[in-house]
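Structural characterization, general
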Amino acid sequence: MPRRKTDGAAQLAALRAAEAEYCREHPVYFVENYCHIEDKDAPDLIAPFTLWPGQKKALKAFASHRLCVVLKARQLGFTWLALAEAARLLVLWPGRTVVGLSRSEEEAKELVRRLGVMLRYMPEFAQPAAAAPPGWRGAVFEITALRVTLRFPDGPPGVFQAFPSGPSVGRSFTADLIVIDEWAFQQFAREIWASAFPVVNRPEGGRVIGLSTIKRGTLFEEIFTGRGNGFHKLFLPWSADPRRDKAWYRRTLAVLGRDRTLQEYPASVEEALTVPGGAFFPEVSEATHRAGPLPEKARRYVALDYGLDMLSAHWIAVDEGGRAVVYREFDAPDLTIGQAAREVLQRCKDEEIELVLAPPDLWNRSQESGRSRAQLFSEAGLALTRSSRDFAAGCAAMKEWLAPGASGVPAMTLGEVPRLWECLARIQKDEHNPNVYAKTPHDLTHDVDSLRYFCVWWKDPAPAAEQTPRAVWEPDLFEDYENADEEGKAYLLRRYGDPWK
């Protein structure tokens, strides 16, 4: 009799091992046979995780690709799906670590709670540490607010650790899988990615599953739309839930309105990435704003935005009819003022540049030296003209320049300036003031700010007849003249004309 019990236990262990091996190779089988989720429409709330076709496709991608990013409509069960893949990893491979990243501490706790639901309804592979049946030789788990620990009789423990959004979350972990929930809405998305990616960036292992609905102008959008970044990209439309039909969609439209429905329940990638009311410059498109040849007669300007984090400069030609072409750009970080001036002057080549327009804060004097950055630019050979500090007026001026006219042709077109094209397409309206563009993410604003300094300043078109252009000698220009040496004074008179004549 004892012999038969031993044989039975051995057979059960062998069956469990064979089943585990099959589940390692077949993620869909594992989820549909061993995972339960909370279903608000189920009679008992807890229901087997029966996968829709789109979920099956995504689950297979999670298992086979190291980097996955998912753009999706709302309420398609993808947080549960990512946690199911985390559960498969944790219960079938001892010693694995999974990190879950959420927007807030409460949402991080929710990830742990949901994983706990799955484990409690997975008695074939895991048992609560305090209630494991006698003779149990499988994994046991313990749950705290932000952590799940699985212990194995013959292997190292597995860990699921959840973190709320923070600049350096997960830095001390070496993880096998990172799940980033609602990635587009993470407060410190770029900092998180910079610290989290090295956690899984090993030559032979480590995976990332990033999930989110869309928010324009974010790192998530940049990763999803970027080419050659190594991510496997998936899109799931509102119809991925087979229970949603056209009648459901019409009811949703009636309740939420078109703009909100397109954002929360897109039908296509194009629809998701063209959120009405979100982009600040929706009028800019290849069809209407791609520039032709440069005009033969034109006044040429440079507009720039400068800081140690980025120099962004643009060259603009304005013809006799007052139409402008942005025909050159230059962006570079970590340049001193002298280096920035040389880079701009070098790219001016032999062109006659009327003015170099710059933000007013460059005229603020340093408390240490008593000199402004504009003065330092001038000493480096690049004389600047102060543009307006009126942000709202600048945004309005940009809209005027870029709006297609009655003929469908805008007053300003864009040449080979790929970074400016990208920033104008991605920058969003300010959430609190739709009349201006958002100042975050900051890396999108440098090029747009540079162009704004031209748009808010420029008044006169190129002269119909040849004449020497003259500039208005504002107080700061007189100040530059007074502080310049003889060579500098001669340059200013040559460039801006003699104000005493």
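As shown above, the structure is provided for reference.
Structural notes, computed from the coordinates.

Procedures and definitions
Residues numbered from 1 in each chain as written. Predicted model: local features only at pLDDT ≥ 70, side-chain atom pairs only at ≥ 80, totals over all residues. Heavy atoms only, no water. Pairing = 2+ DSSP bridges. Helix = DSSP H or I, 4+ residues; strand = E, 2+ residues; numbered from the N terminus. Axes fitted to C-alpha atoms, helices over the stretch in contact; angles between N-to-C directions. Contact = heavy atoms within 4.5 Å. Expected span 1.5 Å × (residues − 1). Buried < 20%, exposed > 50% of the residue type's maximum accessible area, 1.4 Å probe, protein only. Lys, Arg positive; Asp, Glu negative; His and termini not counted. Salt bridge = Lys/Arg side-chain N within 4 Å of Asp/Glu carboxyl O. Polar contact = N/O pair within 3.5 Å; in protein donor to acceptor, adjacent residues only side chain to side chain. Core = buried A, V, L, I, M, F, W, Y, C linked by side-chain atoms within 4.5 Å.

In this section: the pairing of strand β8 (residues 155-164). Sheet topology note: the strand β4 (residues 97-102)/β8 ladder contains 6 bridges and is parallel. Across the sheet, G100 pairs through a bridge with A162, a residue of β8. Looking at chain direction, strand β7 (residues 147-152) and β8 are connected through 5 bridges and run antiparallel. Residue pairing in the sheet places T149 in a bridge with V159 of β8.

A word on the sheet that holds strand β9 (residues 177-180). Read across the sheet, 9 strands follow the order β5-β6-β7-β8-β4-β9-β10-β3-β11 without closing on themselves; strand pairing throughout is mixed. Here the strands that pair on one side only, and so sit at the sheet edges, are β5 (126-128) and β11 (232-236). Between one strand axis and the next, the sheet turns through 15° on average, direction left out of account. Against the sheet, helix α3 (residues 53-64) touches β3 (67-72), β10 (207-212) and β11, its axis set at about 165° to β11.

It is worth spelling out helix α16 (residues 445-457) at this point. An α-helix turns once every 3.6 residues. As a result, residues three or four positions apart point the same way. Over its 13 residues, α16 runs 18 Å from end to end, which matches the ideal 18 Å to within 8%, given 1.5 Å per residue. In terms of burial, α16 is largely enclosed, as 11 of its 13 residues are buried. Of the residues making up α16, those classed as buried are T445, H446, D447, V448, D449, S450, L451, R452, Y453, F454 and C455.

With that settled, consider the sheet that holds strand β17 (residues 412-414). Taken in spatial order, the 6 strands make up an open sheet running β16-β15-β12-β13-β14-β17, and their pairing is mixed. One side of each edge strand has no neighbouring strand; the edge strands of this open sheet are β16 (385-386) and β17. Examined bridge by bridge, strand β13 (residues 310-319) and strand β14 (residues 324-332) share 8 bridges and lie antiparallel to one another. In the strand pairing of β14, L311 is matched with A332.

This part is about the side chain of D181. For D181, the position within the fold is in the loop between β9 and α6 (189-200). Despite its burial, D181 pairs with no opposite charge, the nearest such side chain being K72 at 6.1 Å. Polar side-chain contacts of D181 include one of 3.0 Å to the side chain of T79. Those residues within four positions of D181 in sequence are excluded, and the remaining contacts are T79, L101, S102, L111, Q186 and L211.

Before going further, it helps to spend a moment on the pairing of β13. In terms of burial, β13 is a largely internal element, 9 of the 10 residues being buried. The hairpin formed by strand β12 (residues 298-307) and β13 contains 2 residues between the paired strands. A loop of 4 residues connects β13 with β14, the two strands running antiparallel in sequence, and G322 in this loop sits at a positive phi of about 85°.

Moving on to the pattern of salt bridges. Inspection of every chain in the model, using the stated rule, returns 33 salt bridges. A salt bridge links R113 to E110, with the shortest nitrogen-to-oxygen separation between them at 2.9 Å. In this pair, R113 and E110 are both assigned in helix α5 (residues 105-120), 3 residues apart and thus about one turn of the helix distant. Salt bridges here are not isolated pairs; linked through shared partners, they connect R190, E221, E222, R419, E422, R426, D443 and D447.

This part is about the nonpolar core. If you look at the biggest cluster of nonpolar residues, it comprises 61 residues, and the most contacted ones within it are F30, F49, F62 and F160. A total of 12 residues in this core trace back to one element, the largest contributor, which is helix α4 (residues 78-92). Of all hydrophobic cores here, the second largest spans 37 residues; its members include V326, A397, C423 and Y481.

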